[in-house]
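This is what each chain is made of:
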Amino acid sequence: MRAWVVLAGLNGVVAVGMGAYAAHGLGADPYLQSLGERASQYQLLHALALLAADRLAVDGRRLAHGAAALFLAGLVLFCGSLYWRALTGGQLPVPMVTPAGGVSFMAGWLVLAVSGAFAARRRS
């Protein structure tokens with residue numbers, strides 16, 4: 001089983017479903033709709049990033065697993081917190097979750113870049 005591929009697929013399904021719900025089911029509050037749509041966009045983008053990280057991991061780039069784990073943390077923290085706010089209209093029970101998820105996304109991209117740089121260095 002390719003765990004990152006499975007997680008990417010599940011995140012893709014949730015992203016599309018929540019994007020549709022944000023557009024059609026969240027009622028008339030444009031702010032809540034925008035939170036749901038933003039979470040859906042980030043989730044779908046990072047579901048694709050999980051696929052890329054898995055591909056790099058298959059090619060032997062061990063750091064790609066770290067990038068995938070950071071992307072997953074960002075999906076849970078960032079997207080999950082935006083969905084929470086969009087669905088409940090309330091504040092988060094734990095402060096600073098959303099920014100922590102954003103930092104996880106950025107760290108994942110940075111680790112992916114480092115993974116690519118090391119792979120290029122190994123080949124030369």
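Heads up: these notes are all about the structure in this document. (Residues numbered from 1 in each chain as written. Predicted model: local features only at pLDDT ≥ 70, side-chain atom pairs only at ≥ 80, totals over all residues. Heavy atoms only, no water.)

**Concerning a nonpolar patch on the surface**
Phase 1: A cluster of nonpolar side chains, Leu63, Leu110, Val114 and Phe118, forms an exposed patch at the surface whose accessible area comes to about 350 Å².
Phase 2: Element by element, the count of residues in the nonpolar patch is highest for helix α4 (residues 97-123), at three residues.
Phase 3: Within the fold, Leu63 resides in helix α3 (residues 63-88).
Phase 4: A residue is classified by how much of its surface remains accessible, and Leu63, at 35% relative accessible area, is partly exposed. (Patch = residues over 30% accessible without salt bridge, like charges linked within 9 Å, V, L, I, M, F, W, Y side chains within 5 Å. Areas by Shrake-Rupley, 256 points an atom, 1.4 Å probe, with all protein chains shown as cover. Salt bridge = Lys/Arg side-chain N within 4 Å of Asp/Glu carboxyl O. Helix = DSSP H or I, 4+ residues; strand = E, 2+ residues; numbered from the N terminus. Buried < 20%, exposed > 50% of the residue type's maximum accessible area, 1.4 Å probe, protein only.)

**Remarks on the side chain of Asp54**
Phase 1: Within the fold, Asp54 resides in helix α2 (residues 30-58).
Phase 2: You can call Asp54 buried: its relative accessible area is 7%.

**Overview of the pattern of salt bridges**
Phase 1: The final tally for this structure, using the stated rule, is two salt bridges.
Phase 2: The partner of Arg2 in a salt bridge is Asp54, and the shortest N-O contact between them spans 2.7 Å. Of this pair, Arg2 sits in the segment before α1 (3-24) while Asp54 sits in helix α2; the two residues are 52 residues apart in sequence, bridging distant segments of the chain.
Phase 3: Residue class for Arg2 comes out partly exposed when judged on its relative accessible area of 42%.
Phase 4: Two residues, Arg55 and Asp59, come together in a salt bridge whose shortest N-O distance is 2.8 Å.
Phase 5: Of the residues examined, Arg55 reaches a relative accessible area of 46% and is grouped as partly exposed.
Phase 6: Taking relative accessible area as the criterion, Asp59 reaches 42% and is therefore assigned partly exposed.

**Comments concerning α1**
Phase 1: For α1, built from 22 residues, the straight-helix expectation of 32 Å at 1.5 Å per residue is met to within 8% by its first-to-last C-alpha distance of 32 Å.
Phase 2: Buried residues of α1: Trp4, Ala8, Asn11, Gly12, Ala15, Met18, Gly19 and Ala22, and no others. Angularly, the buried residues of α1 cover 150° about the axis, an arc narrow enough to put them on a single face. Turned more than 90 degrees away from the buried face of α1, the exposed residues are Leu10, Val13, Val16 and His24. (Expected span 1.5 Å × (residues − 1). Arc of directions from axis to C-beta.)

**Observations concerning unusual backbone geometry**
Phase 1: Located in the positive-phi region is Met96, a residue other than glycine, with phi close to 65°.
Phase 2: Within the secondary structure layout, Met96 lies in the loop between α3 and α4.
Phase 3: The exposure class assigned to Met96 is exposed, which follows from its relative accessible area of 59%.

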